[in-house]
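Close look at the chain arrangement
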Amino acid sequence: PAVIKCKAAVAWESSKPLVIEEVEVAPPQANEVRIKIVATSLCHSDLYFLYESLDKSLFPTVFGHEAAGIVESVGPGVTEFQPGDKVVPLFLPQCGECRFCKSPKTNRCEVAMKRHGQKSTEHCRLTCKGKKLQQFMETGTFSEYIVMNQMAVAKIDPAAPLDKVCLLGCGVCTGYGAAVNTAKVEPGSTCAVFGLGAVGLAAVMGCKAAGAKRIIAVDINPDKFEKAKVFGATDFVNPKDHNKPISQVLMEMTGGGVDYSLECIGNVECMRSALESCVPGWGVSVIVGWTDLHDVATRPINLMLGRTWTGCLFGGFKGKDGIPGMVKAYLDKKVKLDEFITHNMTLDQVNDAIELLKKGKSIRTVMRFSPQ
C-alpha cells in the first residue's frame, strides 16, 4: 500500500478552532490496519482535551475517537482483518494476552496502559506540513484515513449502518455499560442518572434494559428531559428548582436514597452528590464522567454505612468482545442509537459541531467526510 493523502481536522493548539488540512497517512506497518473512516461523531472528551485539560503536550493532534469505517489495507502479520471489513476503532485496546485481558473482572489492557503513558508520536501514522500529528487516544478519527494496531479494532456485522454504530465507539457503550456491567443494576431497583448528554442518556437506557422500575434523570437543562423520557426515564429533577442539596431531594423522593446512581458529567461536586444520594446499606454509585483537574471527596461515614463508590472506563466493555454484541443488539432493536443523533454534518463543519455541543444544543453530531 502507498501513502494516502486525505482530509483531516487538525488541532494545532489548545482552545483554537480545528483546521481542515491535507494530511499524509502512512501505509500500515506490522500488525496494523489502515481504515477509511466513514462516519465519526463528536464526544465531550474531545472538547475536554481541546479546552479544559492542562496537558498541552497533546498538540498538534487529530481529535475524534468515536467512529466507524472500512478496512482499506492491512500490514504484515494481520490475520483478523481484511480489506472491506466493517470496523469500529477502539480507544481502549484489547491485546488478549495480558493479565488484565485474561481476567473477566476488567476491560483494562496492560499494552494500552503502557502506550497511553508514553505520549509519543511513535505509533502515529499521520503527517501534515512535515509535522507528525498525534492521534488523540491513539485513534484520531477526524481524519479520513487512520492507521490502528489490530488489537485496537473491532470487526462488526457487515449489515451495520456505519453512520449509526459509530456512536458505540465511545459514548453509548460508556453509559450503557456503566449501568449493566459496572453498577449491575437489578430488576425492580431505583436509579438516578446525573447529566443527560449522550453518556447519561445511554446510562438511562442501560438502567431500563436492566429492569429498573424507577429512573430519575437529573440535569440543570430542562430541555433534556423530553429526550430522557424516550430512553426510559420516569422522573426528572432540576437541581435549580430546589433550595436544598440534590442528594437530600433524592433521599426524600425515594424514601431513603436510590439503589444505584451514575454520574455522567465529570464534575467532582456532582460525583459527591451522586454518592450521597444512594441508600446506605447497599447503594452503588458509579463515576462515569471524565475529569482529572480536582480530587473527589466525601466523609468516610458515607462509605462506612455500606455504600459502594466505583467507576469505569468505556462502560466496562472489553472492546473487541463488547462492540460486536452491542452492534447486534442495535440490529435486533434492543438498543437505540438513532435517537442520540441530533445533527448530521460533514467534517468541514466540525467547528459548528463543537459549538453546538459546547452550548448543550446537541446530543450527538455525526460527521461524514463527503456528502452521502
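As annotated in an unreviewed UniProt entry, the chain is Alcohol dehydrogenase 8b from Oreochromis niloticus. The Cofactor (unreviewed entry) field of the UniProt record for the chain holds the comment "Zn(2+)". The UniProt entry for the chain carries the following text under Sequence similarities (unreviewed entry): "Belongs to the zinc-containing alcohol dehydrogenase family."

**Focus on helix 10 (residues 319-331)**
Between its first and last C-alpha atoms helix 10 spans 18 Å; for 13 residues at 1.5 Å apiece the expected length is 18 Å, and the two agree. Regarding helix 10, the residues found buried are Gly-319, Lys-320, Gly-322, Ile-323, Met-326, Val-327, Ala-329 and Tyr-330. Among the structural elements, strand 6 (86-89), strand 10 (153-155), helix 3 (162-165) and helix 4 (171-183) are those in contact with the buried residues of helix 10. Phi for Lys-333, located one or two positions after helix 10, is positive at around 60°.

**Some words on the nonpolar core**
Membership of the largest hydrophobic core comes to 109 residues, with the highest contact counts inside it found for Phe-142, Val-165 and Phe-340. Ranked by the residues each element gives to this core, the list is headed by helix 5 (residues 198-209), at eight residues. Counting only domains with at least three residues in this core, you end up with domain 1 (4-169 + 336-368) and domain 2 (175-313). Not counting residues within four places of it along the chain, the set of residues in contact with Val-165 comprises Ala-68, Val-88, Ile-156, Ala-160, Val-327, Tyr-330 and Leu-337.

**Observations concerning the domain arrangement of the chain**
Domain annotation of the chain identifies domain 1 (4-169 + 336-368) and domain 2 (175-313). For domain 1 and domain 2, the distance between their C-alpha centroids amounts to 29 Å. With 13 residues of domain 1 in contact, the opposing surface of domain 2 contributes 16 residues. In total, about 1,300 Å² of surface goes out of reach between domain 1 and domain 2, with carbon and sulfur atoms giving 68% of it. Of all residues in domain 1, the largest losses of buried area upon contact with domain 2 belong to Tyr-48, Phe-340 and Ile-363, amounting jointly to 42% of the total for that side. If you look at where domain 1 meets domain 2, you find zero salt bridges. In this assembly, domain 1 and domain 2 are joined by three residue pairs in polar contact (both at pLDDT 80 or more). Examining the composition of the side of domain 1 that touches domain 2, we find that three residues originate from one element, helix 1 (residues 44-52), more than from any other. Tallied by class, residues from the side of domain 1 that touches domain 2 come to six nonpolar, three polar and four charged.

**Thoughts on helix 11 (residues 350-358)**
Residue pairs spaced three or four apart in an α-helix point in one direction, given the helix's 3.6 residues per turn. Restricting attention to buried positions, one finds in helix 11 the residues Val-350, Ala-353, Ile-354, Leu-356 and Leu-357. The buried residues of helix 11 occupy an angular sector of 165° when projected down its axis, which confines them to one face. Buried positions along helix 11 lie against strand 1 (4-10), strand 2 (19-25), helix 1, strand 17 (341-346) and strand 18 (364-368). Phi turns positive, to about 70°, at Gly-360, one or two residues after helix 11.

**Some words on the environment of Tyr-145**
Tracing the backbone shows Tyr-145 in strand 9 (residues 145-149). Look past the residues within four positions of Tyr-145 in its chain and what remains in contact with it is Ile-4, Cys-6, Val-25, Arg-34, Ile-35, Lys-36, Glu-72 and Leu-126.

**Notes on the sheet that holds strand 15 (residues 284-287)**
Strands pair in a sheet through their backbones, by hydrogen bonds, and they do so in one of two ways: parallel or antiparallel. Taking strand neighbours across the sheet as the criterion, the six strands line up as 13-12-11-14-15-16 in an open arrangement whose pairing is parallel. The strands lining the two open edges of the sheet, one partner per strand, are strand 13 (235-237) and strand 16 (308-311). Taking the axes of each pair of neighbouring strands and ignoring which way they run, one obtains an average angle of 20° across the sheet. Most of the contacts of helix 4 go to strand 15, to which it runs at about 135°, and overall it touches strand 14 (260-263), strand 15 and strand 16. Strand contacts of helix 6 (residues 224-231): strand 12 (214-218) and strand 13, with the helix running at about 150° to strand 13, the strand carrying the most contacts.

**Quick notes on the packing of aromatic side chains**
Following the criterion strictly, the structure yields nine aromatic pairs and no others. Where Tyr-48 meets Phe-49, the ring centres are 5.1 Å apart and the plane angle is 80°; that geometry is what we call edge-to-face. On the basis of relative accessibility, which here comes to 3%, the residue Tyr-48 falls in the buried class. Pairing Phe-225 with Phe-236 gives two aromatic rings, centres 5.1 Å apart and planes at 35°, and the pair type is tilted.

**Here we look at the packing of helix 4 against helix 5**
At a minimum axis distance of 7 Å, the contact between helix 4 and helix 5 shows a crossing angle of 40°. What the angle tells us is that helix 4 and helix 5 run oblique. When the axes of helix 4 and helix 5 are compared, the crossing they make is right-handed. Contacts between helix 4 and helix 5 involve Gly-171, Val-172, Thr-174, Gly-175, Tyr-176, Ala-179 and Val-180 from the first element and Val-199, Ala-202, Ala-203, Met-205, Gly-206, Cys-207 and Ala-209 from the second.

**Some details on the state of the cysteines**
Throughout the structure, instances matching the rule amount to zero disulfides. Sulfur of Cys-43: no disulfide; nearest cysteine sulfur belongs to Cys-170 and is 3.8 Å away. Residue classification places Cys-43 among the buried residues on the basis of a relative accessible area of 4%. Here Cys-191 is not cross-linked by a disulfide; its sulfur's nearest cysteine counterpart is in Cys-207, at 3.7 Å.

**Section: the pairing of strand 15**
Two elements, strand 14 and strand 15, share four bridges in a ladder whose sense is parallel. Note on strand 15: the bridge partner recorded for Tyr-260 is Val-284. At this point the chain moves from strand 14, through helix 8 (residues 268-276), to the parallel strand 15, and the crossover so formed is right-handed.

Rules of the game
- Residues numbered from 1 in each chain as written.
- Predicted model: local features only at pLDDT ≥ 70, side-chain atom pairs only at ≥ 80, totals over all residues.
- Heavy atoms only, no water.
- UniProt positions renumbered as here; feature names shortened; annotations may be inferred.
- Helix = DSSP H or I, 4+ residues; strand = E, 2+ residues; numbered from the N terminus.
- Expected span 1.5 Å × (residues − 1).
- Buried < 20%, exposed > 50% of the residue type's maximum accessible area, 1.4 Å probe, protein only.
- Contact = heavy atoms within 4.5 Å.
- Core = buried A, V, L, I, M, F, W, Y, C linked by side-chain atoms within 4.5 Å.
- Domains from an automatic or database assignment.
- Buried area = accessible area lost by both parts, 1.4 Å probe.
- Salt bridge = Lys/Arg side-chain N within 4 Å of Asp/Glu carboxyl O.
- Polar contact = N/O pair within 3.5 Å; in protein donor to acceptor, adjacent residues only side chain to side chain.
- Nonpolar A, V, L, I, M, F, W, Y, C, P; charged D, E, K, R; others polar.
- Arc of directions from axis to C-beta.
- Pairing = 2+ DSSP bridges.
- Axes fitted to C-alpha atoms, helices over the stretch in contact; angles between N-to-C directions.
- Phe/Tyr/Trp six-rings, centres within 6.5 Å; stacked < 30°, edge-to-face > 60°.
- Parallel < 35°, antiparallel > 145°, perpendicular 65-115°, else oblique.
- Left-handed = near helix turned anticlockwise from the far one by under 90°.
- Disulfide = S-S within 2.5 Å.
- Right-handed = clockwise from strand over helix to strand, strands pointing away.

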